[in-house]
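As a plain string of letters, each chain reads:
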Amino acid sequence: MTDHTEELHVVTVDVNGVRRTASVEARKLLVHLLRDDLGLTGTHVGCDTSQCGACTVDIDGQAVKSCTVLAVMTSGSSITTIEGLARGGGALHPVQAAFHEHHALQCGFCTPGMIMSVRQMLGQNPNPTESEIRHGLAGNICRCTGYNNIVRAVQSLASEAPRHD
Amino acid sequence: MIPASFDYVRATSLSHAIGLLQDDPDGNKLVAGGHTLIPTLKLRLASPALLIDISGIDELRGIEVADCIRIGALTTHAELLASKPLREVLPIFHQAADMIADPQVRNRGTIGGSLANADPAADWPAVVIALKGELELAGPTRRRRIAARDFFVDIMTTALEPGEVLVAIHMPRPNRGAKFRYRKIRHPASGYAVVGVAATLCLRDDIVSEVMIAITGATSRAFAADSASTHLIGKPLSTENIAMAASLTGEQAECLSDHYASADYRKHLVKTEVSRALASLNGA
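Reading guide: rules and limits
Residues numbered from 1 in each chain as written. Chains lettered and ligands numbered in written order. Predicted model: local features only at pLDDT ≥ 70, side-chain atom pairs only at ≥ 80, totals over all residues. Heavy atoms only, no water. Domains from an automatic or database assignment. Buried area = accessible area lost by both parts, 1.4 Å probe. Salt bridge = Lys/Arg side-chain N within 4 Å of Asp/Glu carboxyl O. Polar contact = N/O pair within 3.5 Å; in protein donor to acceptor, adjacent residues only side chain to side chain. Helix = DSSP H or I, 4+ residues; strand = E, 2+ residues; numbered from the N terminus. Buried < 20%, exposed > 50% of the residue type's maximum accessible area, 1.4 Å probe, protein only. Pairing = 2+ DSSP bridges. Contact = heavy atoms within 4.5 Å. Axes fitted to C-alpha atoms, helices over the stretch in contact; angles between N-to-C directions. Left-handed = near helix turned anticlockwise from the far one by under 90°. Nonpolar A, V, L, I, M, F, W, Y, C, P; charged D, E, K, R; others polar.

Enquirer: Give a detailed account of the domain arrangement of chain B, specifying residues and quantitative values.
Expert: Residue and element names in this part refer to chain B. You can read the domains of chain B as domain 1 (7-53), domain 2 (58-172) and domain 3 (179-281). Relative to domain 3, the C-alpha centre of domain 2 lies at a distance of 20 Å. Of the roughly 2100 Å² buried between domain 2 and domain 3 on both sides combined, carbon and sulfur atoms contribute 59%. Considering only the surface of domain 2 that becomes buried against domain 3, M99, P120 and R149 emerge as the three largest contributors, covering 24% of it. Our count for the contact surface shared by domain 2 and domain 3 stands at two salt bridges. Applying the counting rule to domain 2 against domain 3 returns 15 residue pairs in polar contact (both at pLDDT 80 or more). Counting residues per element, the ones that place at least two in the side of domain 2 that touches domain 3 are α5 (92-97), α8 (124-130) and β8 (152-154). Top element by residues in the side of domain 2 that touches domain 3 is α8. It accounts for five residues.

Set out below in structure tokens:
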């Protein structure tokens, strides 16, 4: 294996509405930029193999797994993390409030990623059926809740009366 | 998991990317969505000298539905899932995209990356073969097109030559009344196809006038089930003819074996899934 000169690349991203600049190695993953360089530790590293979704963040309006994105590739993007939803310790985002209300978490490790995925899902489909909710959360794994309360939390946010499959 | 070090360049044009690739076709790698490559880098199964980021090249983007259908290599699975014009003409893209991985992966992973990587269990190879697609490749000295069925050579091996980039997938507009089905037996952990079947079919007065069946997951590369198609042409889509087509496809498949599915089991799944795909098109 060849050692390459570790040239640093300047990455400028908008994170939760604030312009941030960092010098990173090309191999740095976005989740490590967020957690280690920018101190935003709400985004979790779970499986580190693009399965579990704990690292889900929003890049330019799309939920993505930040353990499988090179930080250098995101330069110029707008990124929203879980910290960007209830800014300055203000009122919870509606998805956060629904998770709180419906007990949609136990240990909470998957919750930031889960909430970022639900946010995208409801943006695309404001009134999902139960099976659409479960299909839409296929990229987020929770080992505590058994998912039922997560589904109930999402159903409580539906824009209309429950639609059945 | 941290990849080994590499250099990185954001390519500004297709010719820029081809030039960089040509500098060291073995050591330099293209990256777009990165959803196969980045996990591979993290496991250190690959350690390229240079990653060439092609994600900003406009020529590689877009879905065009006209007399022909063109899908740019950078088109994500999510874009293929969401495209209404594409769904109207070739609904098989919606069917297959909806079975790929999960929403976050679909937002980044691209059809061009999937095809060029040629994982034997990937979904798109079967779809583009069944649609009689052609892949547009751009290299240092020429541009060429190759039939999708000739593109997949072996496990993770394609007909791409050193310095070539997959630009787009082209497909003929299907005949009115053409029917489409993609089915797969999904690996419960990876989501990849243990066996996947893409089928397109035209019936005229209840007789099969056109049919193409392609299989992925079962063998070292996606393939067209020609013996089944030959059998079905000019015949009604009866239970007996479907069973014969399924059996012929199973015979054609030299199946892979792994800890999840033996070759015999895969062969069984090929027959079952071809039967189900064809049956679902009968009267659909």
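Still to come is the rest of the account.
Enquirer: Account for the pairing of strand β13 (residues 207-216) of chain B, with residues named and values stated.
Expert: A regular strand places its side chains so that they alternate between the two faces of the sheet. Residues and elements named next belong to chain B. For β13, the tally of buried residues reaches seven of ten residues, placing the bulk of the element in the interior. The sheet contact formed by strand β12 (residues 193-204) and β13 spans nine bridges and is antiparallel. Looking across to β13, one finds that C202 is bridged to E210. Here β12 hands over to β13 after two residues, with D205 in that stretch at a positive phi of 50°. Joining the antiparallel neighbours β13 and strand β14 (residues 223-224) is a turn of six residues, in which G217 adopts a positive phi near 85°.

Enquirer: Before we move on, can you summarise the pattern of salt bridges with the specific residues and values?
Expert: When the charged atoms of two side chains with opposite charge come close together, those side chains can pair. All names here are of chain B. Summed over the entire model, instances satisfying the criterion amount to 18 salt bridges over all chains. Two residues, E161 and R144, come together in a salt bridge whose shortest N-O distance is 3.9 Å. In this pair, E161 sits in the loop between β9 (157-158) and β10 (165-172) while R144 sits in strand β7 (residues 143-147), placing the two residues 17 residues apart along the sequence. With a relative accessible area of 39%, E161 lands in the partly exposed category. Take R144: its relative accessible area is 18%, and that puts it in the buried class. Members of the salt-bridge network, linked through shared partners, are R142, R144, E161 and E164.

Enquirer: Account for the sheet that holds strand β11 (residues 179-186) of chain B, with residues named and values stated.
Expert: Residues and elements named next belong to chain B. The strand order across the open sheet built from four strands is β11-β12-β13-β14, with neighbouring strands paired in antiparallel fashion. Because the sheet does not close on itself, it has two edges, and the strands there are β11 and β14. The pairing of β11 with β12 spans eight bridges and is antiparallel. Across the sheet, residue R186 finds its bridge partner in β12, namely A193. Across the sheet, helix α12 (residues 263-281) is in contact with β11, β12 and β13; its angle to β12 comes to roughly 30°.

Enquirer: Go over the packing of helix α11 (residues 239-252) of chain B against α12 of chain B with me, naming the residues and quoting the values.
Expert: All names here are of chain B. Where α11 meets α12, the axes come as close as 8 Å, and the angle between the chain directions of the two elements is 145°. The element α11 and its partner α12 pack so that their crossing is right-handed. Along the contact surface, α11 presents I242, A245, A246, S247, T249, G250 and E251, while α12 presents K267, V270, K271, V274, S275, L278 and A279. For the contact of α11 with α12, the per-class residue count stands at seven nonpolar, four polar and three charged.

Enquirer: Can you explain the side chain of R27 of chain A? Please cite residues and give values.
Expert: Tracing the backbone shows R27 of chain A in the loop between β2 (18-25) and α1 (30-37). A relative accessible area of 18% means that R27 of chain A is categorised as buried. With near-sequence residues (within four places) excluded, R27 of chain A lies in contact with E6 and L70 of chain A together with I2, P3, A4, S5, F6 and R44 of chain B.

Enquirer: Which residues make up the interface of chain A and chain B, and what values do they have?
Expert: Each partner contributes to the interface: chain A provides 36 residues, whereas chain B provides 33 residues. Carbon and sulfur atoms supply 55% of the area buried between chain A and chain B, which totals about 2800 Å² over both sides. Where chain A meets chain B, there are two salt bridges. The salt bridge involving D102 of chain B is made with K65 of chain A; its shortest N-O contact spans 2.6 Å. At the boundary of chain A and chain B, one finds 14 residue pairs in polar contact (both at pLDDT 80 or more). Of all elements in the fold, only β3 (56-59), β4 (62-65), α3 (111-124) and α4 (130-136) of chain A reach the threshold of two or more residues within the side of chain A that touches chain B. At four residues, the largest contribution of residues to the side of chain A that touches chain B is made by β4 of chain A. Residues belonging to the side of chain A that touches chain B are distributed by class as follows: twelve nonpolar, 18 polar and six charged.

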